Amino acid sequence: MMSIDKIISSLIAYALRNKFIDSQDEIYCTNRLLELFQCETYRKTDSDSNIDNVMKEALNYAVQKKLRSFENQNEIDCFDALIMDTILPRPSQVITKFNHLYHQSPKIATDWYYDLAIKSRYVRKDRLAKNIMYSYHRHDIDLVITINLSKPEKDPKEIARLRSTPSSSYPKCLLCKENEGYYGSYSHPGRSNHRIIPLSLGDEDFFLQYSPYGYFNEHCIILKKEHVPMAITSNTFKQFVDFVDKFPHYLIGSNADLPIVGGSILSHEHFQGGRYEFPLNRASDLWQFKLLEFPACQFSILNWPMSVIKIRTTKSDELISASTNILLKWRNYTDVESEIVAAELDGTMHNTITPILRQQNGVYEMYLVLRNNNTSARYPDGIFHPHPKLHHIKKENIGLIEVMGLAILPGRLKKELAECRKYLLDTGNNRIDDSIQKHVSWLNEIKLKYSIDDKNVDSILKDEVALAFSQVLKDSGVFKMNKQGNCSFKKFISTL
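On a predicted model such as this, the values are computed, not experimentally measured, just so you know. (Residues numbered from 1 in each chain as written. Predicted model: local features only at pLDDT ≥ 70, side-chain atom pairs only at ≥ 80, totals over all residues. Heavy atoms only, no water.)

Engineer: Give me the nonpolar core: which residues, what numbers.
Structural biologist: Membership of the largest hydrophobic core comes to 91 residues, with the highest contact counts inside it found for L11, F37, I83, L208, F243 and F492. Apart from residues lying up to four places away in sequence, I83 is in contact with L11, L33, L36, F37, M55, A58 and L59. Counting residues in each nonpolar core, the second largest holds 50 residues, with I141, I147, L406 and Y423 among its members. (Core = buried A, V, L, I, M, F, W, Y, C linked by side-chain atoms within 4.5 Å. Buried < 20%, exposed > 50% of the residue type's maximum accessible area, 1.4 Å probe, protein only. Contact = heavy atoms within 4.5 Å.)

Engineer: Could you give an account of the packing of aromatic side chains, naming the residues involved and the relevant values?
Structural biologist: In total, this model carries 26 aromatic pairs according to the counting rule given. Centroid distance Y276 to F278: 4.7 Å. Interplanar angle 75°. Geometry classified as edge-to-face. A residue is classified by how much of its surface remains accessible, and Y276, at 24% relative accessible area, is partly exposed. On the basis of relative accessibility, which here comes to 0%, the residue F278 falls in the buried class. Each ring, one from W330 and one from Y333, has its centre 5.9 Å from the other, and the planes form 25°; the classification is stacked. Pairwise contacts between aromatic rings join F98, Y102, Y113, Y114, Y210, F243, F247 and Y250 into one cluster. The ring of Y423 has K447 sitting right over it, with the charged end atom 4.4 Å from the ring centre. Seen from the ring of W287, K490 lies directly overhead, with NZ or CZ sitting 5.1 Å from the centre. (Phe/Tyr/Trp six-rings, centres within 6.5 Å; stacked < 30°, edge-to-face > 60°. Lys NZ or Arg CZ within 6 Å of the ring centre and 35° of its normal.)

Engineer: Go over the environment of Q93 with me, naming the residues and quoting the values.
Structural biologist: In this fold, Q93 is placed in helix 5 (residues 91-104). Owing to a relative accessible area of 43%, Q93 belongs among the partly exposed residues under this scheme. Remark: the alpha-carbon pair of Q93 and R195, spanning 102 residues in sequence, is separated by 10.0 Å. A distance of 2.7 Å separates the side chain of Q93 from the backbone nitrogen of R90, its partner in a polar contact. (Helix = DSSP H or I, 4+ residues; strand = E, 2+ residues; numbered from the N terminus. Polar contact = N/O pair within 3.5 Å; in protein donor to acceptor, adjacent residues only side chain to side chain.)

In structure tokens form, the structure reads like this:
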């Protein structure tokens, strides 16, 4: 067991090495750590450079000395973040440093800020490394498949306690600016080590932060200062243009603003971005068209499972106007044959857009993904939503990241696919594991397609999971990838 003197010495050495603090701050930060660990004496010792090991020892010390009792992983993370906060620069210092570096280069600024997010343990690289991730390039589709293992799953006792835990109105949600420095609770993630950067986009106030569970490189979140609901409007496109002008090395996108086709947090306006090229960005044009009102724009429909209009131009004003025109026309578009109904008699809207923007060599590329959240007796969860046949692989909403071709599949699949592997190799003598009963019909179809052995079973399973996700995207597309779907898509384009 590491002594508390070595723990504190190691934390101070880590802070100095990473320039979180200056040598003039050393005594002050040491005393803050002594207070946190309730120590009255201290002797500086040699340090351990492995911060993961140091933090593990620090958390063990807190439990052994009964400074804290941890009932779940979230409570452990809260104290972990509090320890780090003790040796981190204050928010104003982070903002000043970021702005100073930004004047040198936006990329230099974000490189430093992302590195800070990792070294402060806000972005948990150690947990992200647990995710299963692979690429799929076949059958005219390019996808990235991930099985999300970085977020620890809640056990039944934890779920029961969460149900009985009183809700708090502060912070109002996980995105609110008030999360910066917030200790957290049994049910609210610790944010003591959280630092955010103010931005002005489209004359409105936002903040930049990184996602603690990033799904792709430098996965950032751009959150509005006020706690207001998601809304895709003309202002959204202005804010997107502002963002990629400020950070041309980053892409930006937004979840749709309606249930079923939107993200998990609709109550707080926010966007997502990062330095990553998604499969959607590499999709080819299926066909092109022109809109005379917008001569500087190149329009195309993408060869993609979902219904995507791509706009390329160097003119930001025309891009915003063209995107707004398409949004407004789509909001009010009904095509009964395609099961697209724009609104109910009571005014409930069903049509919206998932927008994405990036800048390539000075050219704006806007992707407008048409969405509709209608339900029916046959598809009560959503007509343009993962269909029940594939719920054993994916049943959650198809949000921004998945629209772009990066699947975020549930962690349960790691264990279930291991059992599926056994089933595919089974000669029929073993009992089917209960966890894969829901997969059996799918697995039997796979058995009929291939001659399966121990050498090819893993690649077959990977391919079939990717094909299942590809079908999920097709289910979510409003205009299907067939002759009738193309005709219906062209019919909508003619209204523009």
